[in-house]
Amino acid sequence: MAQGVQSDGAEVATSNNPSDIGVTPGTVAAAAPAAAAGTTTADPAAIAAGDALFKGNCAQCHAINEVVVGPAMAGITKRRPMSWIIPWIKNSSKVVASGDEYAVKIYNQYQKQQMPSFQLSDAEITSIVAYITSEEGKPTGAATGLTAQSGDAAAVDGTAAANGEASSSMNILLIVLVVVLIVLVVTLVIIANIMKDVLRGRKDLDGRDREQIEERFDYSRIYKSTAVRGIVGTVFVLAVLYETIQGAMGVGLSQGYQPTQPIAFSHKLHAGENQINCAYCHTSVYKGKSANIPSPNICMNCHSQIKTESPEIKKIYRAIERKQPIQWVRVHNIPDLAYFNHSQHTQVAGLECVTCHGPIENMEVVYQYSALTMGWCINCHRETPLNTKGNGYYDNLVKLHDSKNGAVPFTVSSNGGTECSKCHY
């Protein structure tokens, strides 16, 4: 768990991304810090880079102007020099083990919670400090913390609100049109009945005219009709056949699968409201074949101090005490006959989590959002352009592709991404 500073002299905040080997820069937004190592700067590029790094690594346990799990970050450069801050963030346990008086004080002050090591460069750490310095003194919520909201999120919320208003207006319009149509039908029926009453009162009508006026429609002729019965029977057979085919094609598919988990973990609370980076818990998401399920010690980085009396959190304590893994139920499961590498899609291709997993930040209980079928994967490979800029490996391939296909984008499929052996071998 991150350690840092408190208002009375507590220390610098670093971030958390629990991993035995520390946090890699690839797990956060790839903004290159413009600050030189060892100095703080007001350079907007450095501050922007520090913002991304802070949100991706530090905000799980630290805020700028208030204590969360770890101490508040405001004033860190006044308490400790950069020559102390950088080694602390890279390996706080080493600084504590060295006997540094201030490091030991912070370690003891926060219940001896060990902050993980971070594989960040000096320039990246300097940009984080520059961002913290730029946010000092701002109202709570303005600085990045557990409750902070990014500008992009605000923009999305505004767009969603606008779309919601448009949808609401359209619904009202449709309701009005339906009401008008019903009124028109009722009005026509009333007019027809009035006209019949007027005609019945006339004396100059012959027998045929009166027979037509009094004639009632025989609805039994509809369902007795051979043509109608044939149409209804055909539609019924086609509907049954369609449902049968759809059911057969859906065998083995799990889209919408939402199992009950042994612990009521809310992604909406953690990833949505608290904006915890996915890579903080799923530490191999950018570097492994699979996005691992977090171990209990990652949960304890925060929950050794937060909601310790919660019945759900106590389940984590019991698992640790008994030295037994939590029996999470797997949601997304690719068949063994298909090869899939998570890091190839997240780190190399740069895909966002929501591309495949959907609005995970809004899910109380996680469910399988996408179909994850072969057709679904192939369509993505056919439609997704490859980012070949700055990569000399693709230069000749792109030239050959463009010479034969003109303006058609160079997609994953163009690079052999739909060949059978890519996923089945």
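The rules behind the values
Starting from 1, residues in each chain are numbered consecutively following that chain's sequence as written. The model is predicted, so local features are restricted to residues of pLDDT at least 70 and side-chain atom pairs to those at 80 or more, both for listing and for counting; the totals for chains, interfaces and linings are taken over all residues. The side-chain numbers reported here are obtained from all heavy atoms of the structure, hydrogens and water having been left aside. Numbering goes from the N terminus for both helices and strands, where a helix is a DSSP run of H or I of at least four residues and a strand is a run of E of at least two. A simple rule labels every residue: compare its accessible area, found with a 1.4 Å probe on the protein chains alone, to the largest value its type can have, and call it buried under 20%, exposed over 50%, or partly exposed in between. For this analysis, residues touch if any pair of their heavy atoms sits within 4.5 Å. Surface accessibility in these figures is a Shrake-Rupley result with a 1.4 Å probe; residues are shielded only by whichever protein chains are displayed. Two rings from Phe, Tyr or Trp (for Trp, the six-membered ring) form a pair when their centres are within 6.5 Å of each other. A pair whose planes differ by under 30 degrees is stacked, one over 60 is edge-to-face, and the rest are tilted. In our convention, an over-ring charge means Lys NZ or Arg CZ found within 6 Å of a ring centre and within 35 degrees of that ring's normal. Only the stretch in contact is used when a helix axis is fitted, and all axes are lines through C-alpha atoms; the angle between N-to-C directions ranges over 0 to 180 degrees. Oblique is the label for every angle not falling under 35 degrees (roughly parallel), over 145 degrees (roughly antiparallel), or within 65 to 115 degrees (roughly perpendicular). In this scheme, a crossing is called left-handed if the near helix is turned counterclockwise away from the far one by less than a right angle; it is called right-handed if the turn is clockwise. We call a set of buried Ala, Val, Leu, Ile, Met, Phe, Trp, Tyr and Cys residues a nonpolar core when their side-chain atoms join them within 4.5 Å. By definition here, a helix of n residues has an expected span of 1.5 Å times n minus one. Each residue is assigned to one of three groups, with Ala, Val, Leu, Ile, Met, Phe, Trp, Tyr, Cys and Pro labelled nonpolar, Asp, Glu, Lys and Arg labelled charged, and all others, Gly among them, labelled polar. Each direction from the helix axis to a C-beta atom contributes to the arc, which is the arc of those directions. Any pair of nitrogen or oxygen atoms within 3.5 Å is treated as a polar contact; in protein, a donor-acceptor pairing is required on top of that, and neighbouring residues in sequence qualify only through side-chain atoms on both sides.

### Let's talk about the overall build of the chain
Here is step 1: When helices and strands are counted, the chain shows 19 helices and zero strands.
Here is step 2: Among the 425 residues that make up the chain, the fraction classed as buried is 31%.
Here is step 3: Looking at the chain alone, contacts between residues at least 24 apart form 70% of all its contacts between residues at least 6 apart.
Here is step 4: By element, 59% of the accessible surface of the chain is carried by carbon and sulfur atoms, the whole surface being about 25600 Å².

### With respect to the side chain of Ser 284
Here is step 1: Topologically, Ser 284 is positioned in the loop between α12 (278–281) and α13 (296–303).
Here is step 2: Here Ser 284 falls in the buried class, since its relative accessible area comes to 15%.
Here is step 3: Setting aside its immediate chain neighbours within four residues, Ser 284 contacts Ser 290, Ala 291 and Asn 292.

### Here we look at the packing of aromatic side chains
Here is step 1: In this structure the tally under the stated criterion is six aromatic pairs.
Here is step 2: Judged by centre distance (5.1 Å) and plane angle (15°), the rings of Trp 84 and Trp 88 are stacked. Pair noted here: Trp 84 and Trp 88 are both in helix α3 (residues 82–90), with a separation of four residues, about one helical turn. Accessibility assignment for this pair places Trp 84 and Trp 88 in one class, buried.
Here is step 3: Between Trp 84 and Tyr 102, the aromatic rings sit 5.5 Å apart at their centres with planes inclined by 80°, giving edge-to-face as the arrangement. In this pair, Trp 84 sits in helix α3 while Tyr 102 sits in helix α5 (residues 101–109), placing the two residues 18 residues apart along the sequence.
Here is step 4: Above the face of the Trp 84 ring, Arg 80 is positioned so that its terminal group lies 5.1 Å from the ring centre.
Here is step 5: Above the face of the Tyr 102 ring, Arg 80 is positioned so that its terminal group lies 4.6 Å from the ring centre.

### Structural notes on unusual backbone geometry
Here is step 1: Phi is positive for Gln 275, close to 55°, though the residue is something other than glycine.
Here is step 2: Summarising the element assignment, Gln 275 is placed in the loop between α11 (267–273) and α12.
Here is step 3: A positive phi is found at Lys 307, a non-glycine position, where the angle reads about 50°.
Here is step 4: With respect to the helices and strands, Lys 307 occurs in the loop between α13 and α14 (311–321).

### Regarding the packing of α13 against α14
Here is step 1: Orientation of α13 relative to α14, taken along the N-to-C sense of each, is 130°, at an axis distance of 10 Å. The angle between α13 and α14 places the two elements in the oblique class. Every pair of crossing elements has a handedness; the one defined by α13 and α14 is left-handed. Every residue of α14 that contacts α13 at Pro 296, Cys 299, Met 300 and His 303 is listed here: Ile 313, Ile 316, Tyr 317 and Ile 320.

### A word on the nonpolar core
Here is step 1: If you look at the biggest cluster of nonpolar residues, it comprises 30 residues, and the most contacted ones within it are Phe 54 and Trp 88.
Here is step 2: Among the elements of the structure, α1 (44–58), α3, α4 (92–97), α5 and α6 (122–135) are those that each provide at least two residues to this core.
Here is step 3: Ile 263, Ile 313, Ala 319 and Ile 326 belong to the second-largest nonpolar core, a separate cluster that totals eight residues.

### Observations concerning α6
Residues spaced three or four apart along an α-helix point in a common direction, a consequence of the helix completing one turn every 3.6 residues.
Here is step 1: The end-to-end C-alpha distance of α6, which contains 14 residues, comes to 20 Å, matching closely the 20 Å that a straight helix rising 1.5 Å per residue would cover.
Here is step 2: Within α6, ten of the 14 residues are buried, which leaves it mostly tucked inside the rest of the structure.
Here is step 3: If you check which residues of α6 are buried, you get Glu 124, Ile 125, Thr 126, Ser 127, Ile 128, Val 129, Ala 130, Tyr 131, Ile 132 and Glu 135.
Here is step 4: Among the structural elements, α1, α2 (76–79) and α3 are those in contact with the buried residues of α6.
Here is step 5: At the C-terminal side of α6, Gly 137 shows a positive phi close to 85°.

### What about the packing of α3 against α6?
Here is step 1: With their axes 10 Å apart at the nearest point, α3 and α6 run at an angle of 110° to one another. With respect to their mutual orientation, α3 and α6 come out roughly perpendicular. Of the two possible hands of crossing, α3 and α6 adopt the one that is right-handed. Of the residues in α6, those in contact with Met 82, Ile 85, Ile 86, Ile 89 and Lys 90 of α3 are Asp 122, Ile 125, Thr 126 and Val 129.
Here is step 2: For the contact of α3 with α6, the class distribution of residues is six nonpolar, one polar and two charged.

### Some thoughts on the side chain of Thr 411
Here is step 1: In this fold, Thr 411 is placed in the loop between α18 (395–405) and α19 (420–423).
Here is step 2: The buried category is assigned to Thr 411, whose relative accessible area is 8%.
Here is step 3: If sequence neighbours within four positions are ignored, Thr 411 has contacts with His 381, Arg 382, Glu 383, Thr 384, Pro 385 and Leu 386.

### Considerations on α5
Here is step 1: Every buried residue of α5 is accounted for by Tyr 102, Ala 103, Ile 106 and Tyr 107. In an axial view of α5, the angular spread of the buried residues amounts to 135°, which keeps them on one side of the axis.
Here is step 2: Looking at the buried residues of α5, the elements they touch are α2, α3 and α4.
Here is step 3: Sitting at the head of α5, Asp 100 places a side-chain oxygen 3.1 Å from the backbone nitrogen of Tyr 102.
Here is step 4: The first or second residue beyond α5 is Gln 111, which carries a positive phi of 55°.

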